[in-house]
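# Examining the three-dimensional arrangement
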Amino acid sequence: MRRITATALIALVTLILAATSCAPPPETGPVHRRIIFLGIDGMEWDIMGPLVEEGRLPTFARLFSEGAWGELQSLDVLESPVIWTSIATGKTPEKHGIMGFAKARPGAEPVPVTSNVRRVEAIWDILGDRGWSIGVVGWLSTWPATPVNGYLVTDYFNY
């Protein structure tokens, strides 16, 4: 299951927060801003950096020059559902409830974790409640889909 999940994520696990915010300067009309959060599970800067410098990843070079970016300071637990849920919620695994790829069941085989296990709101829930239009694609542990102000395409294809 880890190999399938990693492959799908490396193929571009993305969270797109397409948002509009209104904080217009008094002398102009409304300013529309969009935020795109792109995460690629397992992509290392020591691999990506040289490819960008060689000109082999021109879109990433443009994203780096025109946007904001940074290297993830990760958790001690290096299981993708744990890390991605911590990113989405701003909470530790103990608080958000996702502790690994699978959830143990007494007397039965473990099952993949789902959005039902998450105990706190994700950033898309918080922003959506504030009127932002949200788009989430392929984020780990988002199945079954929950209502958002926009769209949420779950990670269910991984299973």
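Thresholds, definitions, all that
Residues numbered from 1 in each chain as written. Predicted model: local features only at pLDDT ≥ 70, side-chain atom pairs only at ≥ 80, totals over all residues. Heavy atoms only, no water. Helix = DSSP H or I, 4+ residues; strand = E, 2+ residues; numbered from the N terminus. Buried < 20%, exposed > 50% of the residue type's maximum accessible area, 1.4 Å probe, protein only. Contact = heavy atoms within 4.5 Å. Axes fitted to C-alpha atoms, helices over the stretch in contact; angles between N-to-C directions. Parallel < 35°, antiparallel > 145°, perpendicular 65-115°, else oblique. pLDDT = per-residue confidence, 0-100. 1 Å grid on protein atoms, 1.4 Å probe; cavity = no way out; pocket = protein on both sides within 12 Å on 5 of 7 lines; lining within 4 Å. Points joined across faces, edges and corners; volume = space filled by probe spheres on them. Nonpolar A, V, L, I, M, F, W, Y, C, P; charged D, E, K, R; others polar. Polar contact = N/O pair within 3.5 Å; in protein donor to acceptor, adjacent residues only side chain to side chain.

Further remarks concern the overall build of the chain. On a plain count of helices and strands, the chain comes out with six helices and six strands. Traced from its N-terminal end to its C-terminal end, the chain shows the element sequence α-β-β-α-α-α-α-β-β-α-β-β. Of all 159 residues assigned to the chain, the portion counted as buried reaches 33%. Within the chain, contacts between residues separated by at least 24 positions form 45% of all contacts whose residues are at least 6 apart in sequence.

Running from amino to carboxyl end, helix α2 (residues 45-53) crosses helix α3 (residues 58-66) at an angle of 100 degrees, the nearest separation of the two axes being 9 Å. Relative to α3, the element α2 lies roughly perpendicular. Touching W45, M48 and V52 of α2 are F60, A61 and F64, all from α3.

This part covers the confidence of the model for the chain. Mean pLDDT over the chain stands at 80; residues scoring 70 or higher make up 81%. Note that residues 1-25 has pLDDT below 50 and, in this model, 79 contacts with residues that lie over four places away or in other chains.

A few words on empty space enclosed by the protein. Taken as a whole and assessed by the stated rule, the structure comprises one cavity of 30 Å³ or more. When its volume is computed, the largest cavity comes out at roughly 50 Å³. Taken together, T85, A88, I98, R118, W124, W139, L140, S141 and T142 make up the full set of residues lining the largest cavity. Here the residues of the lining of the largest cavity are counted per class, giving five nonpolar, three polar and one charged.

By the element assignment, D125 lies in helix α6 (residues 123-129). Relative accessible area serves as the criterion here: at 14%, D125 is assigned to the buried category. A polar contact is formed between the side chain of D125 and the side chain of R118, at a distance of 3.4 Å. Excluding residues that lie within four positions of it along the chain, D125 makes contacts with R118, T146, P147 and V148.

This brings us to the layout of surface pockets. Its boundaries defined by the atoms lining it, the largest pocket holds a volume of some 1,100 Å³. Lining the largest pocket are 30 residues, and of these L38, G39, I40, W45 and G70 lie nearest its centre. Of all the secondary structure elements, the ones that give two or more residues to the lining of the largest pocket are β2 (37-38), α2, α3 and α4 (80-89). Split by residue class, the lining of the largest pocket holds 17 nonpolar, seven polar and six charged.

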